[in-house]
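Close look at the chain arrangement
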Amino acid sequence: MAISSSSSSMQDILKQRKYPFIFSFFLLLIFVTFLLISNSQKSPIFVAIDFAQRTSQSKSSIPDNPELNPNTISNENVPLNNSITINPESDVPLNNNYTIHTDSDTLINNELERFAYDWKLCPGPVAVDYIPCLDNWKAIKAIRSRRHMEHRERHCPVPSPRCLIPLPVGYKLPVSWPKSRDMIWYDNVPHPKLVEYKKEQNWVKQSGEYFVFPGGGTQFKDGVNHYIEFIEKTFPTIEWGKNIRVVLDVGCGVASFGGYLLDKNVITMSFAPKDEHEAQIQFALERGIPATLSVIATKKLAFPDNAYDVIHCARCRVHWHADGGKPLMELNRILRPGGYFIWSATPVYKKDEGHKNVWKVMVNLTEAMCWKMVAKTYFKKARVGLVIYQKPDSSSCYENRKENNPPMCEKNHRLNSSWYTPLDICLLPLPTSSYEWPAPWPQRLNNKPLSLSLETDAEEIFNADTKHWAALLSDVYLGGLGINWSNVRNVMDMNAGYGGFATALIDRPLWVMNVVPISGPDTLPIIFDRGLIGTYHDWCESFNTYPRTYDLLHSSFLFGNLSQRCDLVDVAVEMDRMLRPGGYFLVQDTLQMIKQLGSILRSLHWSVTLHQEQFLVGKKDFWRPKDTAKISKS
């Protein structure tokens, strides 16, 4: 009876020619079937292992130090940047790209309606290059002594300024890599002082609308490539790009040394203070060469222990023997056991009394530190004196010294965080047996890092993280979010974890500054073990870089913890300062956090798109407010 009744009803519908109803019914049936099928399939993305339980048991990376910056609020343990995993039951295929125009997008618009801020430009003629923690003139003027370069260290204003950085007149989209290594727009970094100051040393020249970088320098009289080859010829064990992968260039000038080492698969962290050599780090970053602003003064550099394969100094004007050798012992701290210090300077070869005295002190100090002189030479044609020291790879030399001077550092204070920590005048303990040097590049990138935890599942977690980022990059980031990766050169990962994001990008013509927040697990040693570069930072403060120096900023589940410690508006202002016009901000986070960020970014006139309810892409425009902020008299 039921079947007969159903057939009769269908015949009645056909007789009455209710074809629109039939068509709608079949569409509904197809749609329901599609939903059932899609819900039964998991996302193609590899799901990362949830680190939350493991990291809740790990020790904090922040030293118990009374001299830490007062803005550092919390040292509680938080998950790694990818501890919130992609939902494998998601009914949105992650390899499809579209902007969601649904309730999620409406919610972001509603947030924007409730968020309003009267943005203004930072005041003053030098505001275009303003770096809040290095240009805090009120704090700098209050410093009683500048003997140890204290005025070049970080002095962050409280509260953080909420003004926006103006653009230089005539600013253009940067010259693309690799052309940018040799030439950049003059209007983007309009500082001709260095051209005049170093005109005889071929650092940089002005040519029409461009600055041109011939590859010269104080010690590079025949060009930087010739100098690099001279080092390897002097000491063949160096093997650029194979045995040596991660280099620190102290007092780098315009970073030509690091720029040309890129051809040999060597990644160099170039650094110098913001000083009378106007805009040298700004030149480096505009060229697309890794660089940061820093100084060896009274605080440790923001790098982990035993990080760099080679540290290089070519007339870097650092008095290594000062204060009992504190600057040189800081190099010893961050130099990998068995690593090399290459010093190219006048005391190596000049015979006048002053230079001879400096050399004598260096000999005594390096011998006391158990550094071995493996090469010393004078390149007559270029008039360059060069010495190469090697740090010991075990503690045996320390144990056999006649005097314990410099003393050994106490083991109980070796927390691997250097943020706002005073310089040591002691030597790190080394392994009792020979130290294992990392695998040759590029195997080093994916091998088990030397500093990885000894817990039984640590290697499994590390490998899962690497696979996760490889899949996410290939299936979502590189093709599905509307980012023009061909315009991306300078990249920053704001919470880098194990460096998986940078690892997945290794074959692209870009470099990544891997930032490890000081409030989370200390994974920066692992990043260096992999042959990548990075630094510690607290995102409640400004970063040590010039404005407009990054093409893409990336974060993965950073802002939930960060919003408990500081205002996201201040973080957005800092991102706007660092990012070039036309640059991208790529964030993976909860929908709630994305709504907050989206509303702030739209108030800054960034274009904002939401993808798959977990990826936000913001693109900075050339917009700047018309009004200028007033300087407070307080």
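Check the entry above for the structure.
Description of the structure in this document. What you are looking at is a predicted structure, and each value in this text was computed from that prediction instead of being measured.

As a further point, take the state of the cysteines. Under the counting rule described, the total for this entry stands at six disulfides. In this model, C133 is linked to C156 through a disulfide, with the two sulfur atoms separated by 2.0 Å. Its S-S torsion of approximately 110 degrees makes the covalent link between C133 and C156 right-handed. One end of the pair, C133, is in the loop between α4 (103–114) and α5 (137–141); the other, C156, is in the loop between α5 and β1 (183–185), and 23 residues separate them in sequence. Across the pair, C156 and C133 agree in class, each one buried. Between the sulfur of C540 and that of C566 lies a disulfide, 2.3 Å long from S to S. Across the S-S bond linking C540 and C566, the dihedral sits near -80 degrees, which makes this disulfide left-handed. Of this pair, C540 sits in the loop between β13 (534–537) and β14 (550–556) while C566 is found in the loop between α16 (559–562) and α17 (568–578), placing the two residues 26 residues apart along the sequence. C540 sits in the buried class, given a relative accessible area of 13%.

It is worth spelling out helix α10 (residues 322–334) at this point. In a regular helix each residue adds 1.5 Å, so 13 residues correspond to 18 Å; α10 covers 18 Å between its end C-alpha atoms and thus fits that length. The principal kink in α10, of about 25 degrees, is found at L328. Of the positions making up α10, those classed as buried are G325, P327, L328, M329, E330, L331, N332, R333 and I334. On the buried face of α10, the contacting elements are β4 (246–250), β7 (308–314), β8 (335–344), α11 (353–368) and α12 (396–399).

Okay, the sheet that holds strand β10 (residues 384–390) next. Spatially, the seven strands line up as an open sheet ordered β6-β5-β4-β7-β8-β10-β9, and their pairing is mixed. The sheet is open, and its two borders are formed by β6 (291–293) and β9 (372–379), each paired with just one other strand. Between one strand and the next, the sheet's axes are offset by a mean angle of 20 degrees, whatever the strand orientation. As defined by bridge partners, β8 adjoins β10 across five bridges and the pair is classed as antiparallel. What sits directly across from F341, in β10, is Y389. Against the sheet, helix α7 (residues 224–234) touches β7, β8, β9 and β10, its axis set at about 50 degrees to β10. Packing of α10 onto the sheet brings it into contact with β4, β7 and β8, and relative to β8 it is tilted by some 135 degrees.

Cut-offs and rules
- Residues numbered from 1 in each chain as written.
- Predicted model: local features only at pLDDT ≥ 70, side-chain atom pairs only at ≥ 80, totals over all residues.
- Heavy atoms only, no water.
- Disulfide = S-S within 2.5 Å.
- Helix = DSSP H or I, 4+ residues; strand = E, 2+ residues; numbered from the N terminus.
- Buried < 20%, exposed > 50% of the residue type's maximum accessible area, 1.4 Å probe, protein only.
- Expected span 1.5 Å × (residues − 1).
- Bend = angle between axes of the 7 residues up to and from the residue.
- Contact = heavy atoms within 4.5 Å.
- Pairing = 2+ DSSP bridges.
- Axes fitted to C-alpha atoms, helices over the stretch in contact; angles between N-to-C directions.

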